[in-house]
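# Remarks on the overall topology
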Amino acid sequence: SAVISQKPSRDICQRGTSLTIQCQVDSQVTMMFWYRQQPGQSLTLIATANQGSEATYESGFVIDKFPISRPNLTFSTLTVSNMSPEDSSIYLCSVGDGGGQPQHFGDGTRLSIL
Amino acid sequence: SQKIEQNSEALNIQEGKTATLTCNYTNYSPAYLQWYRQDPGRGPVFLLLIRENEKEKRKERLKVTFDTTLKQSLFHITASQPADSATYLCALDGVSGGYNKLIFGAGTRLAVHP
């Protein structure tokens, strides 16, 4: 299965700033996904990163707050913009074939906002 | 409303016993149901997928059942070991926002004691 590397693994940021999280895959993949996981809660899909087109965002998530890039089939970034303490969470990227098929995850970025 | 429910209380069992975790869902008609393992500080790792027309699936010490009438899946670990201690997530392919996506439960933490 694909090996997924996420950077940074953790960060502590000041409110009002932005952080870009990188997700690198060791092979070309069709679909990349970004999730948020808050303590004790389920993974919530933020968006699907599409190569060559805009990301598809889930209800409650907007491009201005979570801009996503997908320049090629092995790389994607998620930016958390204008951060507030409510954005403190774990952000995970994953890859898969979509349509409810199994996904493979990176180890996540643990983000704390002061 | 659509829900996926896993027991939020941790499951504590003795080494060697069988652990049984439950996943119930409401207002979904999944074609697949999946189970993942998540260790602290790591991303979820895919374990097993069972299709709607399969009653049971096995992989080594793992067994998954899928009852579409009861809208329930059971996940069993036989001869459990302390190394099996982790959070186990169920996920199903659900239609939300007009297309199929993977939707996760919040997980159940399993602690296997020597």
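The structure we're discussing is the one just above.
These lines cover the structure that appears in this document, whether it is placed above or below.

Parameters at a glance
- Residues numbered from 1 in each chain as written.
- Chains lettered and ligands numbered in written order.
- Predicted model: local features only at pLDDT ≥ 70, side-chain atom pairs only at ≥ 80, totals over all residues.
- Heavy atoms only, no water.
- Contact = heavy atoms within 4.5 Å.
- Buried area = accessible area lost by both parts, 1.4 Å probe.
- Salt bridge = Lys/Arg side-chain N within 4 Å of Asp/Glu carboxyl O.
- Polar contact = N/O pair within 3.5 Å; in protein donor to acceptor, adjacent residues only side chain to side chain.
- Pairing = 2+ DSSP bridges.
- Helix = DSSP H or I, 4+ residues; strand = E, 2+ residues; numbered from the N terminus.
- Axes fitted to C-alpha atoms, helices over the stretch in contact; angles between N-to-C directions.
- Disulfide = S-S within 2.5 Å.
- Buried < 20%, exposed > 50% of the residue type's maximum accessible area, 1.4 Å probe, protein only.

## Observations regarding the interface of chain B and chain A
In this assembly, 19 residues from chain B lie in contact with 20 residues from chain A. Together chain B and chain A conceal approximately 1500 Å² of surface at their shared face, both sides included; 51% is due to carbon and sulfur atoms. At the boundary of chain B and chain A, one finds two salt bridges. With a closest N to O distance of 2.9 Å, Asp-107 of chain A and Arg-42 of chain B form a salt bridge. Counting across the interface, chain B meets chain A through six residue pairs in polar contact (both at pLDDT 80 or more).

## Examining the sheet that holds strand S1 (residues 3-6) of chain B
All names here are of chain B. Within the open sheet, the five strands sit side by side as S1-S3-S8-S7-S6. Their pairing is antiparallel. Only two strands of the sheet have a single neighbouring strand rather than two, namely S1 and strand S6 (56-59). With strand direction ignored, the average angle separating the axes of adjacent strands in the sheet is 15 degrees. In terms of strand pairing, strand S3 (residues 19-26) meets strand S8 (residues 72-77) through six bridges, oriented antiparallel.

## So, unusual backbone geometry
Residue Pro-8 of chain A follows Lys-7 of chain A across a cis peptide bond; omega there is -10 degrees. Checked against the element boundaries, Pro-8 of chain A lands in the loop between strand S1 (4-7) and strand S2 (10-13). For Lys-71 of chain B, which is not glycine, the phi torsion reads 55 degrees and is therefore positive. Positionally, Lys-71 of chain B belongs in the loop between strand S7 (62-67) and S8.

## Points about the state of the cysteines
All names here are of chain A. Scanning the model with the defined rule gives two disulfides over all chains in all. With a sulfur-sulfur separation of 1.9 Å, Cys-23 is cross-linked through a disulfide to Cys-93. Classification of the bridge connecting Cys-23 and Cys-93 rests on its S-S torsion, roughly 65 degrees, and on that basis the disulfide is right-handed. Taken together, the residues Cys-23 in strand S3 (residues 19-25) and Cys-93 in strand S9 (residues 89-96) connect sequence positions 70 residues apart. Assessed through its relative accessible area of 0%, Cys-23 is described here as buried.

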